Amino acid sequence: MATSPATSHRIHKETNNKNISEKVLSGLNSLMSNFNHLFPLKMRFLLPFSLLLFIIFSCFLVRSSSVETGIDSSSHYHTLEITSLMPAPLCTKKGTNKRQSTMEVFHKHGPCSQHGEKKDITIPPLSEVLSHDQSRVESIQARINENPNSNEIKNPNLNLNSNSNKLKGKKTNLPVQSGRSLGSGNYIVTVGLGTPRKTLSLVFDTGSDLTWTQCQPCARSCYQQQEPIFNPSASTSYSNVSCNSAECSQLSTATGNTPGCSTTTCIYGIQYGDQSFSVGFFGKEKLSISATDIFPSFLFGCGQNNQGLYGSTAGLLGLGRNSLSIVSQTAAKYGKYFSYCLPSTSSGTGHLTLGKTRAPPANVKFTPFDRSQGTSFYFIEIVAISVGGVNLPIGQSVFKAAGGIIDSGTVITRLPPAAYTTMSDTFRKLMAKYTSAPSYSILDTCYDFSGYTSVTIPTISFTFGGNVKVNLDPTGILVLISSSRVCLAFAGNSDAADIAIFGNTQQKTLEVVYDVAGGSLGFAPNGCK
């Protein structure tokens, strides 16, 4: 029977060590047999000490040889219980974080979220999650590759000066399809809006700039959401933004659409990769991150025509780099600095922290943002990928031709086709003892773990600019398809020039630190603890 690469390596290493040990013992025997000839009587008392040093040095040689002849398989493989990839039926919350600017992060469809518990909301199957994820990826890649005039949205619902978007008329509701999700792997946080404060659950997204929520009276349509829809007329701190204001003109770069005007009120419109969209009034309101962290004139979208795949959340929190993002609007207090940790499964909790309210973890490593590719996304430089402790033979030109970003809303990491093929081939070789399974959606490196309760998988790490090496958590390497079927949680782009995306599955359990003002991105392990 053929041996696995790990077993083959271990046999090779043990054979080398055995040979070295035999040479050491042979030398020792030779020394003892010539004892009287080599050492005068007066020096023989030093021999025990010499032999001790000789033996210690020989052991060092054996150990050194074992490191140099290959990889220590025990440190470059994960052994994990298959159940660790499964969410628990009940929420497993961490301890309450005392930082004022920290919000608890939930998976949108997990048991820690009240949205996941809602009985009349259908949780989408993984195939649908991956389908929407592909739509998001294609949208991001189109935005990065497009020419300056291609920002125009063809959806008639986003013709902000048309009669259909005068935002007059009676309330309507979307059908049950609104129980699906934009990006579907996204995570939510809870914020307060208005006076008196109303609690809203919003998807947070580093790939979006504008924050918006559904608003009454839902002049055209609103989808079903968990909390009561925000009513600006019931808030004493709400005001509309005028059409001729500087704030209104900022919408063009934040949304990719020229703002409209209804009487004197600025109208925003934004559309996402899966054709979901929101149109409404552009307004100012009091935003409450905590009881003490309050922003009285926060610019946001008050949606009157909202359709698509947002789940039962109230809207979206934009963590992008534009001047209208929450990162920029709160810069005076938080210094354009935020961090988050995404839980290992949908039954756990993480955090989103605005500001540098504590020193970063001692073991955080920072890589510079790649400013050469623009400022619309958080661009990063991927330098190398290793599988099982060995750097893959991927030329730098492969990563440079594509470029890369980090994105909290993309579920599965996308790689240039040549890089993905090399990774997949290497992973398959190191997993040769397990039974292959058919492809699933965009995932083509899959395994049948029937009969196993635990498995051993090779480590995967990414090296970013500045020689920053990030080891992925085991839950960031595999995605569970069923109780016994898993797939490698990566996919290849269709074109070598398409941007690589470091997605949220690979970010699980990491403390991801965005020092936007300082121009760097940090990573540290065990961020959710």
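Residues numbered from 1 in each chain as written. Predicted model: local features only at pLDDT ≥ 70, side-chain atom pairs only at ≥ 80, totals over all residues. Heavy atoms only, no water.

S.K.: An account of the overall build of the protein is requested, with residue identities and associated values reported.
M.R.: For the protein, the count of helices and strands is eleven helices and 30 strands. Out of the 529 residues in the protein, the part that is buried amounts to 53%. Here the contacts in the protein between residues at least 6 apart in sequence split such that 72% fall between residues at least 24 apart. Surface summary for the protein: the accessible area is close to 23,100 Å², and the carbon and sulfur share equals 55%. (Helix = DSSP H or I, 4+ residues; strand = E, 2+ residues; numbered from the N terminus. Buried < 20%, exposed > 50% of the residue type's maximum accessible area, 1.4 Å probe, protein only. Contact = heavy atoms within 4.5 Å. Areas by Shrake-Rupley, 256 points an atom, 1.4 Å probe, with all protein chains shown as cover.)

S.K.: Account for the state of the cysteines, naming residues and giving values.
M.R.: Per the stated rule, a full pass over the model turns up six disulfides. Sulfur-sulfur distance for the disulfide between cysteine 218 and cysteine 222 comes to 2.0 Å. Between cysteine 218 and cysteine 222 the sulfur-sulfur dihedral comes to about -95°; the bridge is accordingly left-handed. In this model cysteine 248 forms its disulfide with cysteine 266; the gap between the sulfur atoms is 2.1 Å. Measuring handedness by torsion sign, the sulfur bridge of cysteine 248 and cysteine 266 sits at about 80° and is right-handed. Here the residue cysteine 248 occupies a position in helix H6 (residues 246-249), and cysteine 266 occupies one in strand S8 (residues 265-271), the gap between them amounting to 18 residues. Looking at cysteine 248, the relative accessible area reads 2%, which means it is buried. Owing to a relative accessible area of 0%, cysteine 266 belongs among the buried residues under this scheme. (Disulfide = S-S within 2.5 Å.)

S.K.: Explain the confidence of the model for the protein to me, using residue names and the numbers behind them.
M.R.: Mean pLDDT for the protein: 80, with 75% of residues reaching 70 or above. For residues 1-72, every residue scores under 50 in pLDDT, and the model assigns this stretch 37 contacts once sequence neighbours within four places are set aside. Between residues 147-154, whose pLDDT stays under 50, and residues either more than four places distant or in other chains, the model counts seven contacts. (pLDDT = per-residue confidence, 0-100.)

S.K.: Give a description of the pattern of salt bridges that names residues and reports values.
M.R.: All chains considered together, the criterion is met by six salt bridges. Measuring nitrogen to oxygen at the nearest pair gives 2.9 Å for the salt bridge that ties arginine 414 to aspartate 133. Here arginine 414 is found in strand S19 (residues 413-415), whereas its partner aspartate 133 is found in helix H5 (residues 126-145), with 281 residues between them in sequence. Relative accessible area serves as the criterion here: at 1%, arginine 414 is assigned to the buried category. Judged by relative accessible area, which is 0%, aspartate 133 ranks as buried. Salt-bridge contacts for aspartate 407 lead to arginine 136; the nearest nitrogen and oxygen are separated by 3.0 Å. Placement of the pair is aspartate 407 in the loop between strand S18 (404-406) and S19 and arginine 136 in helix H5, with a sequence separation of 271 residues. Each of Arg136, Asp205 and Asp407 takes part in a single network of salt bridges with overlapping partners. (Salt bridge = Lys/Arg side-chain N within 4 Å of Asp/Glu carboxyl O.)

S.K.: Break down the nonpolar core for me, citing the residues and quoting the values.
M.R.: In globular proteins that are soluble, nonpolar side chains generally tend to be buried together. Membership of the largest hydrophobic core comes to 79 residues, with the highest contact counts inside it found for Ile460 and Phe462. A per-element tally of this core places helix H11 (residues 417-430) first, with five residues. Beyond its immediate sequence surroundings of up to four residues, phenylalanine 462 is in contact with Ile382, Ala384, Ile385, Thr413, Leu415, Met423, Val468, Lys469, Val470, Leu472, Phe490 and Phe502. Judged by nonpolar contacts, the second largest core, of 16 residues, contains Val241, Leu251, Cys266 and Phe282. (Core = buried A, V, L, I, M, F, W, Y, C linked by side-chain atoms within 4.5 Å.)

S.K.: Outline unusual backbone geometry, listing residues and values.
M.R.: The omega torsion of the bond from threonine 195 to proline 196 falls at 0°, within 30 degrees of zero and hence cis. As for its placement among the helices and strands, proline 196 is situated in the loop between strand S3 (187-193) and strand S4 (198-205). Cis rather than trans, the peptide bond between glutamine 216 and proline 217 has omega equal to 10°. In the Ramachandran plot, threonine 263 falls in the positive-phi region, its phi being about 60° despite a non-glycine side chain. Structurally, threonine 263 is set in the loop between strand S7 (260-262) and S8. Judged by relative accessible area, which is 75%, threonine 263 ranks as exposed. Not every positive phi belongs to a glycine, and lysine 336 is a case in point at roughly 55°. Structurally, lysine 336 can be placed in the loop between helix H9 (331-334) and strand S12 (337-341). Residue class for lysine 336 comes out partly exposed when judged on its relative accessible area of 31%.

S.K.: If you had to explain the pairing of strand S23 (residues 460-464) to someone new, which residues and values would you point to?
M.R.: Buried residues dominate S23, accounting for five of its five residues. Of the two faces of S23, both are covered, the one formed by Ile460, Phe462 and Phe464 as well as the one formed by Ser461 and Thr463. Two elements, strand S16 (residues 382-387) and S23, share five bridges in a ladder whose sense is antiparallel. Residue pairing in the sheet places valine 387 in a bridge with isoleucine 460 of S23. Of the pairings in the sheet, the one linking S23 to strand S24 (residues 468-471) comprises four bridges and is antiparallel in character. (Pairing = 2+ DSSP bridges.)

S.K.: Before we move on, can you summarise the sheet that holds strand S25 (residues 478-480) with the specific residues and values?
M.R.: In spatial order, the strands read S20-S21-S26-S25; together these four strands make up an open sheet with antiparallel pairing. Of all the strands in the sheet, the pair left with one neighbour each is strand S20 (435-437) and S25. Between one strand and the next, the sheet's axes are offset by a mean angle of 40°, whatever the strand orientation. Pairing of S20 with strand S21 (residues 446-448) involves three bridges; the strand directions are antiparallel. If you follow threonine 435 over to S21, its bridge partner there is aspartate 448. Most of the contacts of H11 go to strand S26 (residues 485-488), to which it runs at about 135°, and overall it touches S21, S25 and S26. (Axes fitted to C-alpha atoms, helices over the stretch in contact; angles between N-to-C directions.)

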